[in-house]
Amino acid sequence: CRSAVSYIDGDRGILRYRGYNIEDLAEHSSFVEVSYLLIYGDLPTKKQLDTWNTRIMRHTYVHENMIDYMKSFRYDAHPMGMLVSSIAAMSTFHPEASTALHGDQIYNDERMVNKQIFRLVGKIPTLAAIAYRHRIGRPYVYPNQDLDFTGNFLFMMDRLSEMSYTPNPALVRALDIIFILHADHELNCSTAAVRQLGSTGIDPYICVSASAAALYGPMHGGANEAALRMLEEIGTVDRIPAFIEEVKAKKRKLMGFGHRSFYDPRAKLMRKTAEEVFKIMGRNPIIDVAIELERIALSDEYFIKRNLYPNVDFYSGIIYKCMGFPTDFFPVLFAIARTTGWLAHWREQLMQQTPIFRPAQAYDGVSERTYVPMEERGESGAVLDGSSAKGNPRKI
């Protein structure tokens, strides 16, 4: 596709949102402002930002029936499964936004487009917080519109019985920066999903739920979890050389290193953010393993030749862990941030009037065959038996 949302120059380690370097945005901007930038193309004026923030925060509340729906999940349901399902279910809560009911021409109206953007950006953090609280058996917390976007999310996650609970501002800022770094990344797997589904004319709730489902995969949104598990398994700095040798022998994988498109400038920003979080939460010894592993890898000819550099996933898992997020909640945090990027691409594609995707396929199967009667067939390679339910015709 052709897009003006974000730009990557791998050789020079550049990532830009709408022309702005990611380093400048992480230092000077906020996630809400960056969200506006990605979706609408320019940094907002004060009036535009105030309106944008008000609309988003007004839509942080979810229907009580949605809360009942989320209560129906098992106590040990994976939070990402809950999030994907609840985003898709939002389509049924807003039938006026359904192209299946009203036709895709409804999104010729910019007001209709904006309304769904406000809803998705505002409600997904609420759904994420509900999924988290459901998992640990705590009552759900309603949004607090006196706080900013990221502060409100942490409020819904952590408030107990305090009447005036306010999240730590430094942790709010750290998470806000992480959200900025995760907001968009060109045509990755989940962004391709939102564009592919969007080309069918379906509503944005289904499109974003599909993107979240793609992000659920361990090769995409679960990469920071894999990097964290690797660092925890290494454990101490003195075990790094042996681990490196196993990687070179292809016995182990070096997680959090190497990006299919570029040297990741976000990794350096993540490391700086990690140090800020440690000042509050205490230093996680895993960071020393990460820093030393990065130093060795960046000076080793084996990794240099293969362009293996640390990416954003290498440090983000450590920060999340230090802030107290469960490991399986990491992709949910990723989805909150990436929703704005998905919606930027969805809106851009609407404006481009892109026809339905129909990728070409290269057939790699057998040539023409003649139907073979049952009694003349040999055994195929498929193994279907092995179930403990053998003999019961009602079970597979």
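You'll find the structure just up there.
Heads up: these notes are all about the structure in this document.

Basis of the calculations
- Residues numbered from 1 in each chain as written.
- Predicted model: local features only at pLDDT ≥ 70, side-chain atom pairs only at ≥ 80, totals over all residues.
- Heavy atoms only, no water.
- Pairing = 2+ DSSP bridges.
- Helix = DSSP H or I, 4+ residues; strand = E, 2+ residues; numbered from the N terminus.
- Polar contact = N/O pair within 3.5 Å; in protein donor to acceptor, adjacent residues only side chain to side chain.
- Core = buried A, V, L, I, M, F, W, Y, C linked by side-chain atoms within 4.5 Å.
- Buried < 20%, exposed > 50% of the residue type's maximum accessible area, 1.4 Å probe, protein only.
- Contact = heavy atoms within 4.5 Å.
- Lys, Arg positive; Asp, Glu negative; His and termini not counted.
- Salt bridge = Lys/Arg side-chain N within 4 Å of Asp/Glu carboxyl O.
- Arc of directions from axis to C-beta.
- Phe/Tyr/Trp six-rings, centres within 6.5 Å; stacked < 30°, edge-to-face > 60°.
- Lys NZ or Arg CZ within 6 Å of the ring centre and 35° of its normal.
- Expected span 1.5 Å × (residues − 1).
- Axes fitted to C-alpha atoms, helices over the stretch in contact; angles between N-to-C directions.
- Parallel < 35°, antiparallel > 145°, perpendicular 65-115°, else oblique.
- Left-handed = near helix turned anticlockwise from the far one by under 90°.
- Nonpolar A, V, L, I, M, F, W, Y, C, P; charged D, E, K, R; others polar.

Some points on the sheet that holds strand β2 (residues 14-17)
Phase 1: On the basis of which strands lie adjacent, the open sheet formed by three strands has the order β1-β2-β3 and antiparallel pairing. What marks the edges here is a single partner per strand, and that holds for β1 (6-9) and β3 (20-21).
Phase 2: Here β2 pairs with β3 via two bridges, running antiparallel. Residue Y17 lies in a different strand from β3, and its bridge partner there is Y20.

Comments concerning the environment of H185
Phase 1: Within the secondary structure, H185 sits in the loop between α9 (169-182) and α10 (189-198).
Phase 2: Spatially, the C-alpha atom of H185 lies 16 Å from that of K268, the residues being 83 residues apart in sequence.
Phase 3: Only 3.3 Å separates the side chain of H185 from the side chain of R266, close enough to count as a polar contact.

Topic: the nonpolar core
Phase 1: Within the largest apolar cluster, 113 residues are counted, with the highest numbers of intra-cluster contacts made by Y17, F153, L231, L293, I318, F325 and F329.
Phase 2: Residue contributions to this core peak at 13 residues, all from helix α7 (residues 110-136).
Phase 3: Once you skip the residues sitting within four places of it in the chain, F329 turns out to touch P79, A128, Y132, F153 and M157.

So, the side chain of R338
Phase 1: You can see R338 is positioned in helix α18 (residues 330-352).
Phase 2: Comment: no salt bridge for buried R338; closest opposite-charge side chain is D184, at 5.0 Å.
Phase 3: Excluding its chain neighbours within four sequence positions, the residues that come into contact with R338 are H182, A183, D184, H185, N188, S190, T191, H220 and R266.

Let's talk about the environment of K71
Phase 1: Here K71 is to be found in helix α4 (residues 64-71).
Phase 2: Classification of K71 by relative accessible area gives partly exposed; the value is 49%.
Phase 3: In contact with K71, not counting residues within four places along its chain, are H134 and Y140.

Here we look at α4
Phase 1: Inspection of α4 places M66, I67 and M70 among the buried residues, and these make up the whole buried set. Along the long axis of α4, the arc covered by the buried residues comes to 100°, so they all point the same way.
Phase 2: The secondary structure elements touched by the buried residues of α4 are α5 (79-93) and α7.

Some remarks on the packing of aromatic side chains
Phase 1: Per the counting criterion, the structure on display carries 16 aromatic pairs.
Phase 2: Ring pairing ties together the aromatic residues Y132, Y320, F325, F329 and F330, which thus form one cluster.
Phase 3: Seen from the ring of Y302, R306 lies directly overhead, with NZ or CZ sitting 3.7 Å from the centre.

A short note on the pattern of salt bridges
Phase 1: According to the stated counting rule, one finds 19 salt bridges in the structure shown.
Phase 2: Put simply, E233 and R252 hold a salt bridge, and the shortest N to O gap is 3.1 Å. Of this pair, E233 sits in helix α12 (residues 223-234) while R252 sits in the loop between α13 (240-248) and α14 (266-281), and the two are 19 residues apart along the sequence.
Phase 3: E233 gets classed as partly exposed once you look at its relative accessible area, which sits at 47%.
Phase 4: Measuring nitrogen to oxygen at the nearest pair gives 2.6 Å for the salt bridge that ties R295 to E292. Taken together, the residues R295 and E292, both in helix α15 (residues 286-299) and three residues apart, mark about one turn of the helix.
Phase 5: Because the salt bridges share partners, they merge into one network encompassing E233, E246 and R252.

Details of α12
At 3.6 residues per turn, the α-helix brings residues three or four places apart onto the same side.
Phase 1: End to end, α12 covers 17 Å across 12 residues, agreeing with the expected 16 Å (1.5 Å per residue, within 8%).
Phase 2: Residues of α12 that are buried make contact with α13, α15, α17 (312-322) and α18.

What to know about the packing of helix α3 (residues 46-58) against α7
Geometry of a packed helix pair, given as the angle between the helix axes and the separation of the axes.
Phase 1: It is at 7 Å that the axes of α3 and α7 come closest, and there the two elements cross at 65°. Relative to α7, α3 is oriented roughly perpendicular. Note that α3 runs across α7; the crossing there is right-handed. Counted together, W52, R55 and I56 of α3 and I117, F118, V121 and G122 of α7 form the full contact between these two elements.
Phase 2: Counted by class, the contact of α3 with α7 contains five nonpolar, one polar and one charged residues.

Quick look at the pairing of β2
Phase 1: In the sheet, β1 pairs with β2 via four bridges, with the strands oriented antiparallel. Residue pairing in the sheet places I8 in a bridge with L15 of β2.
Phase 2: Counting the residues between successive antiparallel strands, the hairpin from β1 to β2 contains four residues, one of them, G13, with a positive phi of roughly 65°.
Phase 3: With antiparallel pairing between neighbouring strands as the criterion, β2 and β3 make up a hairpin whose turn holds two residues, including R18 at a positive phi of roughly 50°.

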